[in-house]
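Residues per chain, in single letters:
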Amino acid sequence: MCQLQEGNSRVSVKKHKYPEIDMIRAIGIILVLIGHSNILPQGKNGSGEWFIALFHVVIFYIAAGFVFNEESALNIENVFLDVKRKMEIIYLPFVAWNIFFEIVMCFRGHKIESMKIFHIFLIVETSDFAATTWFLIAIFWISIVFIFISFLLNSIFKETRAKVIIHLFIAVGMLWGGFIMQSYIPQWILFVLYGYIMYFFGEQFRIIIQKCDDLKMWGGYFSNDFSGCSICHNGNRSLWLLMV
């Protein structure tokens, strides 16, 4: 249960729970392990791992966007409550884990760099010995930027379609900007620019699924006699989520 503000009162918002998202994350973890294990057959152009690299990280961006709670962007109080939550579940574990590795390696003769420690606290760089936590940098900043942009769009536009279209243009612009400026900007900013559009697609996909949810189409399989949702008609929610 998540406490969010609605107007001037605090309300409890129960988050939707989709077990399939945990399945998707598990599949993503397995793919990441395979991609880094050098067990795939070699081809003419090198390792077959390039194929997994095309989508194994994207899975996590989409899954993170899928579980974004749009009520977090309704007002500024909710925005800061969500930022606080991100600090607790992403920032603090990231800093603790990376500082731990820096201390451990210090005892093994590794020199601690003050600037690197500073960057770790800013969550813009990982320890050399915890490089795999780079994804936490990406998802932290993407989620922070996403909620503030969503709040601004909610404040400016009342029509949902307009908000979605403008947000899509912003996401595409960030992706294009990343390609153009990749040689000139820090890597952690590239993480945000490249991953933001996948986070956005994840949120939009959840909205589609929730419309089916609101029409009481869950329960394992969708109702076979339902014709109001061409996307979900005669489908299975697990199948649709896994196909993303």
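Residues numbered from 1 in each chain as written. Predicted model: local features only at pLDDT ≥ 70, side-chain atom pairs only at ≥ 80, totals over all residues. Heavy atoms only, no water.

Draft legend 1. Seen up close, the overall build of the protein. Counting secondary structure elements, the protein contains nine helices and four strands. Mapped in sequence order, the helices and strands of the protein form the string β-β-α-β-β-α-α-α-α-α-α-α-α. Buried positions account for 41% of the 244 residues belonging to the protein. The contacts in the protein between residues at least 6 apart in sequence include a share of 60% that link residues at least 24 apart. Working note: accessible area of the protein is about 14500 Å², and carbon and sulfur atoms make up 66% of it. (Helix = DSSP H or I, 4+ residues; strand = E, 2+ residues; numbered from the N terminus. Buried < 20%, exposed > 50% of the residue type's maximum accessible area, 1.4 Å probe, protein only. Contact = heavy atoms within 4.5 Å. Areas by Shrake-Rupley, 256 points an atom, 1.4 Å probe, with all protein chains shown as cover.)

Draft legend 2. Geometry of the pattern of salt bridges. Tallied over the entire structure, the rule returns five salt bridges. Between aspartate 22 and arginine 25 there is a salt bridge, and its shortest N-O distance comes to 3.7 Å. You can see aspartate 22 and its partner arginine 25 sitting in helix α1 (residues 19–35), three residues apart, about one turn around the helix. What makes arginine 25 partly exposed here is its relative accessible area of 31%. Beyond isolated ion pairs, a larger network of salt bridges with shared partners links Lys116, Glu125 and Asp128. (Salt bridge = Lys/Arg side-chain N within 4 Å of Asp/Glu carboxyl O.)

Draft legend 3. Examining the packing of helix α4 (residues 76–107) against helix α6 (residues 134–156) more closely. One way to put it is that α4 packs onto α6 with a least axis distance of 10 Å and a crossing angle of 180°. If you check the angle between α4 and α6, you find them roughly antiparallel. Each of Ile76, Val79, Phe80, Asp82, Val83, Lys86, Met87, Ile90, Tyr91 and Phe94 in α4 lies in contact with α6, whose residues at this interface are Leu136, Ile137, Ile139, Phe140, Ser143, Ile144, Ile147, Phe148 and Phe151. Grouping the amino acids of the contact of α4 with α6 by side-chain chemistry returns 16 nonpolar, one polar and two charged. (Axes fitted to C-alpha atoms, helices over the stretch in contact; angles between N-to-C directions. Parallel < 35°, antiparallel > 145°, perpendicular 65-115°, else oblique. Nonpolar A, V, L, I, M, F, W, Y, C, P; charged D, E, K, R; others polar.)

Draft legend 4. Here's a closer look at the nonpolar core. Membership of the largest hydrophobic core comes to 39 residues, with the highest contact counts inside it found for Tyr61, Ile139, Tyr196 and Tyr199. Only α3 (56–66), α4, α5 (114–121), α6, α7 (160–181) and α8 (187–214) provide two or more residues apiece to this core. At 12 residues, the largest contribution of residues to this core is made by α6. In contact with tyrosine 61, not counting residues within four places along its chain, are Trp134, Phe135, Ala138, Ile139, Ile142, Phe191, Gly195, Met198 and Tyr199. One finds Tyr18, Ile59, Ala63 and Ile209 within the second-largest nonpolar core, a separate group that totals 10 residues. (Core = buried A, V, L, I, M, F, W, Y, C linked by side-chain atoms within 4.5 Å.)

Draft legend 5. Quick peek at α1. Under the 1.5 Å per step criterion, the end-to-end length of α1 is 25 Å for 17 residues, consistent within 8% with the ideal 24 Å. Regarding α1, the residues found buried are Glu20, Ile21, Ile24, Gly28, Leu31 and Gly35. Summarising the axial view, the buried residues of α1 lie within an arc of 105°, below the 170-degree limit, and thus occupy one face. Summarising the geometry of α1, the exposed residues directed more than 90 degrees from the buried face are Ile30 and Leu33. (Expected span 1.5 Å × (residues − 1). Arc of directions from axis to C-beta.)

Draft legend 6. Structural context of the side chain of lysine 163. With respect to the helices, strands and loops of the structure, lysine 163 is situated in helix α7. Ignoring sequence-local partners within four residues, the contact set of lysine 163 consists of Leu153, Asn154, Phe157 and Lys158.

Draft legend 7. A look at the packing of aromatic side chains. Counted under the stated rule, the structure contains 18 aromatic pairs. An angle of 80° between the planes, with centres 6.1 Å apart, marks the rings of phenylalanine 80 and phenylalanine 148 as edge-to-face. Taken as a pair, phenylalanine 80 in helix α4 and phenylalanine 148 in helix α6 lie far apart in primary sequence, 68 residues in all. We classify phenylalanine 80 as partly exposed; its relative accessible area is 48%. Taking relative accessible area as the criterion, phenylalanine 148 reaches 30% and is therefore assigned partly exposed. Taken together, the ring pairs in this structure connect Phe60, Tyr61, Trp134, Phe135 and Phe191 into an aromatic cluster. (Phe/Tyr/Trp six-rings, centres within 6.5 Å; stacked < 30°, edge-to-face > 60°.)

Draft legend 8. Summary view of the environment of methionine 198. Topologically, methionine 198 is positioned in helix α8. Judged by its relative accessible area of 19%, methionine 198 is buried. For methionine 198 and tyrosine 61, which are 137 residues apart along the polypeptide, the C-alpha to C-alpha distance reads 5.6 Å. Those residues in contact with methionine 198 that sit more than four places away from it in its chain are Val58, Tyr61 and Ile62.

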